[in-house]
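Letter by letter, the chains look like this.
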Amino acid sequence: LALGDLYRVGGDAPRAAHYYSAVLGLPQYRADGLIGLARLDAAAGRTAQATSRFQQAAAVRPSDPRPHANLGYYRYLAGDLPGALAAYRSATVLAPRDARLWGTYGALLLASGQPREAEAALQRSLAIAPRDDVLSNLGTLRYQAGDYAGAARLYRAAVARQPEAFRFHGHLGDALQA
């Protein structure tokens, strides 16, 4: 698997595919091999094949949130927001204490125009572990609702956690000017 990942990142898809395929017969690594092959398919524009492999990986490890999260991320990149939401929802059910999954799910809900659901997911993420991107997304929700002071407070918290993130500074400036 590690060699597959190294070759994939290095741009050598045929060698990466060789190493990912080599582990498909090993039950403990099958899902990871399928995810690796799916990433190669996605990068090559083989949408149906990538989706199928991500789904196979989720079927191989139904209690593992990673295949679902990978499928969700791929569906998001492919422009399938409803599919991404469904996959990340499955991942959060499987890993209810994973702040990163809840934060991503909340961001997808925000992007899909579901502010109440987005806020609940983002708040859940923050309750597990504070993250600057989640604070910023909550700030965006407050800003969109016209609560500029609340948005500024959240953007300030995001800036304090990651002062080099110019995007958070820009959002804070917008909230302060509103």
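Details of the structure are given in the entry above.
Values in this document were obtained by computation on a predicted structure and should not be read as measured data.

Some remarks on the nonpolar core
Alright, step 1. Core analysis: the biggest nonpolar cluster contains 32 residues, and Tyr 88, Leu 101, Tyr 105, Leu 109, Leu 138 and Leu 141 have the highest contact counts within it.
Alright, step 2. Every element with two or more residues in this core is listed here: helix H6 (81-94), helix H7 (99-111), helix H8 (115-128), helix H9 (132-144), helix H10 (148-161) and helix H11 (166-177).
Alright, step 3. Examining the composition of this core, we find that 7 residues originate from one element, H7, more than from any other.
Alright, step 4. Look past the residues within four positions of Leu 109 in its chain and what remains in contact with it is Leu 85, Gln 114, Glu 117, Ala 118 and Ala 121.
Alright, step 5. The next biggest cluster of nonpolar side chains, apart from the first, holds 10 residues, and it includes Leu 34, Ala 50, Phe 54 and Ala 57.

Overview of H7
Alright, step 1. Taking 1.5 Å per residue, 13 residues should reach 18 Å; H7 reaches 18 Å between its end C-alpha atoms and fits that length.
Alright, step 2. By the burial criterion, the buried members of H7 are Ala 99, Leu 101, Trp 102, Gly 103, Tyr 105, Gly 106, Leu 108, Leu 109 and Leu 110.
Alright, step 3. Structurally, H7 contributes buried residues whose contacts are with helix H5 (65-77), H6, H8 and H9.

Quick notes on the pattern of salt bridges
If charged atoms from side chains of opposite charge come close, those side chains can pair.
Alright, step 1. One pass over the structure, following the stated rule, counts 11 salt bridges.
Alright, step 2. Asp 5 is the partner of Arg 8 in a salt bridge, and the nearest nitrogen-oxygen pair spans 3.9 Å. Of this pair, Arg 8 and Asp 5 both sit in helix H1 (residues 2-9), separated by 3 residues, roughly a single helical turn.
Alright, step 3. Among the charged side chains, a salt-bridge network with shared partners connects Asp 32, Arg 61, Asp 64 and Arg 66.

Describing the layout of surface pockets
Alright, step 1. Estimated volume of the largest pocket: approximately 330 Å³.
Alright, step 2. Forming the walls of the largest pocket are 13 residues, and the residues nearest its centre are Tyr 73, Tyr 88, Thr 104, Ala 107 and Leu 108.
Alright, step 3. In terms of residue class, the lining of the largest pocket is built from 7 nonpolar, 3 polar and 3 charged.

Details of the packing of H6 against H7
Alright, step 1. Remark: H6 packs on H7, axes separated minimally by 9 Å, with the N-to-C direction vectors making an angle of 155°. By the angle class used here, H6 and H7 are roughly antiparallel. Where H6 crosses over H7, the handedness of that crossing is left-handed. Residue-level inspection shows Leu 81, Ala 84, Leu 85, Tyr 88, Arg 89, Ala 91 and Thr 92 of H6 in contact with H7, the latter providing Leu 101, Trp 102, Thr 104, Tyr 105, Leu 108, Leu 109 and Ala 111.
Alright, step 2. Considered class by class, the residues forming the contact of H6 with H7 number 11 nonpolar, 2 polar and 1 charged.

Considerations on helix H4 (residues 47-60)
Each α-helix winds once per 3.6 residues, and so residues spaced three or four apart point in a common direction.
Alright, step 1. Taking 1.5 Å as the rise per residue, H4 with 14 residues should run 20 Å; its terminal C-alpha atoms sit 20 Å apart, in good agreement.
Alright, step 2. Within the span of H4, buried status applies to Ala 50, Thr 51, Arg 53, Phe 54, Ala 57 and Ala 58. Seen end-on, H4 carries its buried residues on one side only, within an arc spanning 165°. Of the exposed residues in H4, the ones pointing more than 90 degrees away from its buried face are Ala 48 and Ala 59.
Alright, step 3. Looking at the buried residues of H4, the elements they touch are helix H3 (30-43) and H5.

Some details on the packing of aromatic side chains
The geometry of two aromatic rings is summed up by the distance between their centres and the angle between their planes.
Alright, step 1. Counting across every chain of the model gives 4 aromatic pairs.
Alright, step 2. Judged by centre distance (6.1 Å) and plane angle (70°), the rings of Trp 102 and Tyr 105 are edge-to-face. A residue pair is termed a helical-turn pair when its members lie 3 or 4 positions apart in one helix, as Trp 102 and Tyr 105 do in helix H7 at 3 residues. No difference in accessibility class separates Trp 102 from Tyr 105, as the two residues are buried.

Conventions used here
Residues numbered from 1 in each chain as written. Predicted model: local features only at pLDDT ≥ 70, side-chain atom pairs only at ≥ 80, totals over all residues. Heavy atoms only, no water. Core = buried A, V, L, I, M, F, W, Y, C linked by side-chain atoms within 4.5 Å. Buried < 20%, exposed > 50% of the residue type's maximum accessible area, 1.4 Å probe, protein only. Helix = DSSP H or I, 4+ residues; strand = E, 2+ residues; numbered from the N terminus. Contact = heavy atoms within 4.5 Å. Expected span 1.5 Å × (residues − 1). Salt bridge = Lys/Arg side-chain N within 4 Å of Asp/Glu carboxyl O. 1 Å grid on protein atoms, 1.4 Å probe; cavity = no way out; pocket = protein on both sides within 12 Å on 5 of 7 lines; lining within 4 Å. Points joined across faces, edges and corners; volume = space filled by probe spheres on them. Nonpolar A, V, L, I, M, F, W, Y, C, P; charged D, E, K, R; others polar. Axes fitted to C-alpha atoms, helices over the stretch in contact; angles between N-to-C directions. Parallel < 35°, antiparallel > 145°, perpendicular 65-115°, else oblique. Left-handed = near helix turned anticlockwise from the far one by under 90°. Arc of directions from axis to C-beta. Phe/Tyr/Trp six-rings, centres within 6.5 Å; stacked < 30°, edge-to-face > 60°.

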